[in-house]
Amino acid sequence: MTSENQQADGLTTDVLPHHQSLLDGTDWASLGTARRDGGFLPAVLSRLLNSDPTVQTRAISELEPVCHQNSFYEATLPVALYVAAILDHPATATVVFDRRPEPERGYPVRAALLDWLGSLAYDADDECLAIGDRHFNGDYLDDYPEMRTFRDHRPAFYRAVSAFLSHEDAPVREAAIVAALPLIEHPALACHRDELGRRVHRLLATSTNRYNRSRCLDALKNWGCDATALETTADIAARTRHIHGDDWAGGYMDEPPF
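What counts, and where the lines are drawn
Residues numbered from 1 in each chain as written. Predicted model: local features only at pLDDT ≥ 70, side-chain atom pairs only at ≥ 80, totals over all residues. Heavy atoms only, no water. Helix = DSSP H or I, 4+ residues; strand = E, 2+ residues; numbered from the N terminus. Contact = heavy atoms within 4.5 Å. Axes fitted to C-alpha atoms, helices over the stretch in contact; angles between N-to-C directions. Parallel < 35°, antiparallel > 145°, perpendicular 65-115°, else oblique. Left-handed = near helix turned anticlockwise from the far one by under 90°. Nonpolar A, V, L, I, M, F, W, Y, C, P; charged D, E, K, R; others polar. Phe/Tyr/Trp six-rings, centres within 6.5 Å; stacked < 30°, edge-to-face > 60°. Buried < 20%, exposed > 50% of the residue type's maximum accessible area, 1.4 Å probe, protein only. Salt bridge = Lys/Arg side-chain N within 4 Å of Asp/Glu carboxyl O.

*Asks:* What is the right way to look at the side chain of Q56 in this model?
*Replies:* One can find Q56 in helix α3 (residues 53-61). Contact partners of Q56, with chain neighbours within four places excluded, come to R47, L48, L49, N50, A91, T92, T94 and V109.

Dropping the structure here:
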């Protein structure tokens, strides 16, 4: 954990800045990451908009120091805001053909960016906060301003993610739904929960993605909904393996893409 994010003070928590203004207007070298200062980040972030999806996905993996060990650093919020701001950029519509079970179908870079953003959101969700508060006597966010500022900006992240909740491409649509689930815990987003719940039900009626199904089923249960009728035999088997420590019920994907 590091000091208060120097770049967050002037940002509006429900509006995303333009990605180029973020890139040019942030003093990246003054911000900490897990391993060094953030001086390397402008080059990496620029490569997210490269025309070559292989270059783009490599750049996503190079963002690891801003979320190392599921933690938040000074550079995490500005990087996350940049990623959210480029979700609708035409360059993110590229497709990478990777190591997935059906590599011929490829995977959209936009979906990979949504996955990355959603992973951060889960690391700052209410459950993580509750765990932290139990260990820090309820003062977790006082000692962890990097997580606090990320949580404060959830409305801005949701605005970016929600634009893809009905996307025609199933991987993008599912990635957006899963990323939206932890974001919508923000009190200002309560009015969107019923609609997101309907999308969760539709995902569970059609998707076979193990990770996405696990996240959606967990969300419904956390909301007090009876999800029994939506569970498949595969869901039940995965949950049983997880309970007995034989398997991780969620996983990142069927196979990590990058």
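Now that the structure is up, let's keep going.
*Asks:* Just to check I follow, could you spell out the packing of helix α9 (residues 170-183) against helix α10 (residues 193-206) for this structure?
*Replies:* Any two packed helices are characterised by how steeply their axes cross, that is the angle between the axes, and by the distance between the axes. Two elements in contact, α9 and α10, have axes whose closest approach is 10 Å; the angle formed by their N-to-C orientations is 135 degrees. By the angle class used here, α9 and α10 are oblique. Considering the relative orientation of α9 and α10, their crossing is left-handed. Together, E174, I177, A180 and L181 of α9 and L196, R199, V200 and L203 of α10 make up the contact between the two elements. Residue composition of the contact of α9 with α10, grouped by class: six nonpolar, no polar and two charged.

*Asks:* Hey, could you run me through the packing of aromatic side chains in this one?
*Replies:* Any pair of aromatic rings gets described here by the distance separating the centres and the angle formed by the planes. Applying the stated criterion across every chain, the model contains five aromatic pairs. Arranged with centres 6.3 Å apart and planes meeting at 75 degrees, the rings of F72 and Y144 form a pair that is edge-to-face. In this pair, F72 is assigned in the loop between α3 and α4 (76-85) and Y144 in the loop between α6 (126-135) and α7 (145-152), connecting sequence segments 72 residues apart. Overall, F72 belongs to the buried group, its relative accessible area being 1%. Where F72 meets F150, the ring centres are 5.2 Å apart and the plane angle is 55 degrees; that geometry is what we call tilted. A residue pair is termed long-range when its members are at least 10 positions apart, and F72 in the loop between α3 and α4 and F150 in helix α7 qualify at 78 residues.

*Asks:* When you look at the pattern of salt bridges in this model, what are you seeing that I'm missing?
*Replies:* As a working rule, side chains carrying opposite charge can pair if their charged atoms are close by. Under the counting rule described, the total for this entry stands at 10 salt bridges. In this structure, the salt-bridge partner of R47 is E62, at a minimum N-O distance of 2.7 Å. Remark: E62 occurs in the loop between α3 and α4 and R47 occurs in helix α2 (residues 41-47); sequence separation between them is 15 residues. With relative accessibility at 28%, the residue R47 sits in the partly exposed group. When salt bridges that share partners are traced, they join E195, R198, R199 and R202 into one network.

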